Amino acid sequence: MKPPVEPGATIAPGTPDHSATLTRGAATLFASGVFSQFLGVLTLVVTARLLTPTDFGIIAYFIIAAAFLEIVQRAVSMILIRQPEITDDHLNTVFTMQVLLGVFSALLIWASAPLMTFFGLAELTSLIPALCFIAIASSIKSTRFPLLERDLRFGFIAGEETTSRIAYTLMAISLTWIWRDYWAIVVASVITQVIRVIWSFSVAPMRPRLTLRCWHDCIDVSSWSLGAQITQFLINNMPQIVIGSMLGLADAGIFRVGYRLVVLFTSQIIGPLERVVYPSLANASRTQGSSQEAFERANAILLGIIVPASVGMALVANHLIVVVAGYQWLAAAQVIWVLAPLKAIETLQANVRSASYVEGSTKRLFLRNTILLIATTALTVLGSNYGFTGAILGSGAASLFAIGLALIMAKDFGTGGFLAPILMAWRTFASTFAMLLAVLFVSSAYGSGDAVGWAYETAEDLPLLRIRFSVKVLVGVFVYVGTHLLLWRLAGKPKGFESLALELAAKLKRKLSKAA
């Protein structure tokens, strides 16, 4: 990794072009994301076998609250990515806004104890001191750090993600093994937040001072951006919140395990990619005057990665739950069946959000998110009246509604019509359908015993279950990749997801050859 240069510097004309920078950034952050998800699965494997569903229900609320605080702080710092020129006053103003938000959030959390008791979640009041600490800690990160992201130097972003994830995994697993209690996750999260703060100042040092001199430049964009970020976060987590309050912490814990696996293969994989897309679109808008082509290409790449992964996960959900979490979590498989394919297509929202920030249409994004939040809450509450399965179906209906809204907004940032993002990735959907048929055919060859409940009676069945799991995965990967490449050749080898994947593979091969 090269040493950091002065944050805020732009890419000089003689440096590699924007496309090459974007490709390297996407590859770096995607590799970091895949590694982080591997560690996430490892953490889930261990903690799910040592903790109870009720513990996971409490953990779910804690993680939601901690992530919410992080989202709020990131929404404020995002103004620095879009700002044409950055001064020290901008950096210090954003830092001051972060601190004020952190203190205000801590005060609200401290005053929320009666509200938790009112909703029948008194167990959560013990988490208040830890959440207050996280609120303050997340507010004092270096505001020079987002400038590295602004200038497309994503190696430092990947370093933060990887370092913090390794630290969290080691602490969460070790403490859970010792304590067998949800406090292990709480303590691991607190220490990880401190590590993030230290990392931000180590790679992007600054000496902050409190000022609001540039508050007007920041508040114009940041206010609607903050609202859009908050509503989007609540949309993603409202099903979890509703299930916990209406059906109990145990059902919330089961939903948490299933939903955690879903987001590991959807939103958490595209999280690093989204951090490439937004600065990339902003750069294209500043230098080329248009970001339509970059937006459409980003959609195709996103769907090419996420759709097969999520559909494949749904096809092996039974096996995945038993192998990863254990027999006691089998009910979480239905969360994957319903939500994984829908959440894959719903990731189109990531590019829509990025394009909205670039165009400055954050007010419209906030209004769209508000509508979706109301619909998500209503549909999940309605479904929860019919039990756990009903809650999952309600969440699925909300996801369909979100996909429709994303397609409507995508029309304004691309060059096609309502279904353009879907049709542009037609080879991905055709290849995924071929993969679906192949895996179902392999499953049918096993006989009717492959239905729900098969091989879940005793631990002696686990070796055979692993074999079937591995066969399905290998068949799915082979059919998807083969079909995708065949359709790409028949279509005349257009520039898109396949060409990018082959380009990255060729570069990796050259580097390995040089290393050898």
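Scroll up for the structure.
Residue numbers restart at each chain and count upward from 1, following the sequence in its written direction. A pLDDT threshold of at least 70 governs which residues receive local features in this predicted model, and a stricter bar of 80 or more applies before side-chain atom pairs are shown or counted, although totals over entire chains, interfaces and linings include all residues. Hydrogens and water molecules were not included; the side-chain quantities draw on all heavy atoms of the structure.

A. Highlighting the overall build of the protein. Helix and strand assignments come from DSSP, with helices taken as H or I runs of at least 4 residues and strands as E runs of at least 2, each series counted from the N terminus. Within the protein, the regular secondary structure consists of 22 helices and 0 strands. Burial status follows relative accessibility: with a 1.4 Å probe on protein chains alone, a residue under 20% of its type maximum counts as buried, one over 50% as exposed, and anything between as partly exposed. Taking all 516 residues of the protein together, the buried fraction comes to 54%. We call two residues in contact when some of their heavy atoms are within 4.5 Å. Across the protein, every contact between residues at least 6 apart in sequence was considered, and the portion connecting residues at least 24 apart equals 82%. All accessible areas in this document rest on Shrake-Rupley with a 1.4 Å probe, and a residue is counted as covered only by the protein chains that are shown. Accessible surface for the protein amounts to roughly 22300 Å². Of this, 69% is attributable to carbon and sulfur atoms.

B. Layout of the nonpolar core. We define a nonpolar core as any set of buried Ala, Val, Leu, Ile, Met, Phe, Trp, Tyr and Cys residues linked to one another through side-chain atoms lying within 4.5 Å. One finds Leu127, Phe255, Leu261, Trp329 and Ile336 to be the most contacted residues of the largest nonpolar core, which totals 58 residues. In terms of residue count, helix α11 (residues 249-264) provides more of this core than any other element does, 9 residues in total. By size, the runner-up hydrophobic cluster in this structure holds 18 residues, among which are Ile301, Leu315, Met435 and Tyr480.

C. Structural view of the side chain of Gln240. Counting through the fold element by element, Gln240 comes out in helix α10 (residues 215-247). Those residues in contact with Gln240, other than ones at most four positions away along the chain, are Ala60, Tyr61, Ile64, Ala252, Phe255 and Arg256.

D. Representation of a nonpolar patch on the surface within the structure. Each patch is built from residues that are more than 30% exposed by relative accessible area and take part in no salt bridge. Like charges join if they lie within 9 Å; nonpolar side chains (Val, Leu, Ile, Met, Phe, Trp, Tyr) join within 5 Å. Think of a salt bridge as a Lys or Arg side-chain nitrogen and an Asp or Glu carboxyl oxygen that are within 4 Å of each other. A grouping of Phe35, Phe38, Leu42, Ile166 and Leu170 is seen on the molecular surface, where their side chains present a nonpolar patch of about 460 Å² in accessible area. Here Phe38 shows up in helix α1 (residues 18-50).

E. Examining unusual backbone geometry more closely. The backbone phi angle of Arg180 is positive, close to 55°, even though this residue is not glycine. The residue Arg180 is located in the loop between α8 (155-179) and α9 (183-203) in this model. If you check the backbone angles, Lys493 has positive phi at about 55° while not being a glycine. For Lys493, the position within the fold is in the loop between α21 (462-490) and α22 (497-515). Here Lys493 falls in the partly exposed class, since its relative accessible area comes to 45%.

F. Region of interest: the pattern of salt bridges. All chains considered together, the criterion is met by 8 salt bridges. Glu160 serves as the salt-bridge partner of Arg196, at 3.4 Å between the closest nitrogen and oxygen. Residue Arg196 is found in helix α9, and its partner Glu160 is found in helix α8; the two are separated by 36 residues along the sequence. Salt bridges sharing partners connect three or more residues here, namely Glu70, Lys141, Glu160, Glu161 and Arg196.

G. Structural detail: the packing of helix α4 (residues 88-110) against helix α6 (residues 128-137). At a closest axis distance of 8 Å, the pairing of α4 and α6 adopts a crossing angle of 170°. Overall, the two elements α4 and α6 adopt an arrangement that is roughly antiparallel. Contacts from Gly102, Val103, Ser105, Ala106, Ile109 and Trp110 of α4 reach α6 at Ile128, Pro129, Leu131, Cys132, Ala135 and Ile136. As a working rule, the residues Ala, Val, Leu, Ile, Met, Phe, Trp, Tyr, Cys and Pro are called nonpolar, Asp, Glu, Lys and Arg charged, and the rest polar, with Gly in that last group. Split by residue class, the contact of α4 with α6 holds 10 nonpolar, 2 polar and no charged. Each axis is a line fitted through C-alpha atoms, and for a helix only the stretch in contact is used; angles between axes span 0 to 180 degrees, taken between their N-to-C directions. An angle below 35 degrees is treated as roughly parallel, one above 145 as roughly antiparallel, one from 65 to 115 as roughly perpendicular, and anything else as oblique.

H. Looking closely at the environment of Arg260. Structurally, Arg260 can be placed in helix α11. On a C-alpha basis, the gap between Arg260 and Ala60 in space is 9.6 Å, while along the polypeptide they are 200 residues apart.

I. A look at the packing of aromatic side chains. Note on aromatic pairs: the rings of Phe, Tyr and Trp (six-membered ring only in Trp) are paired at centre separations within 6.5 Å, and the planes decide the class, stacked below 30 degrees, edge-to-face beyond 60, tilted for the rest. Under the definition given, this model contains 4 aromatic pairs. Between the aromatic rings of Phe68 and Phe233, the centroid separation amounts to 5.5 Å while the plane-to-plane angle is 50°, which identifies the pairing as tilted. Remark: Phe233 occurs in helix α10 and Phe68 occurs in helix α2 (residues 53-77); sequence separation between them is 165 residues. In this structure Phe68 comes out as partly exposed when scored by relative accessible area, which is 26%. Seen in terms of ring centroids, Tyr182 and Trp183 are 5.8 Å apart; in terms of plane orientation they differ by 25°. Their pairing is stacked. The exposure class assigned to Tyr182 is buried, which follows from its relative accessible area of 12%. For Trp183, a relative accessible area of 31% puts it in the partly exposed group. For a ring to carry a charge above it, either NZ of a lysine or CZ of an arginine must fall within 6 Å of the ring centroid while also lying within 35 degrees of the normal to the ring plane. Between the NZ or CZ atom of Arg180 and the centre of the ring of Trp177, over which it lies, the distance is 5.2 Å.

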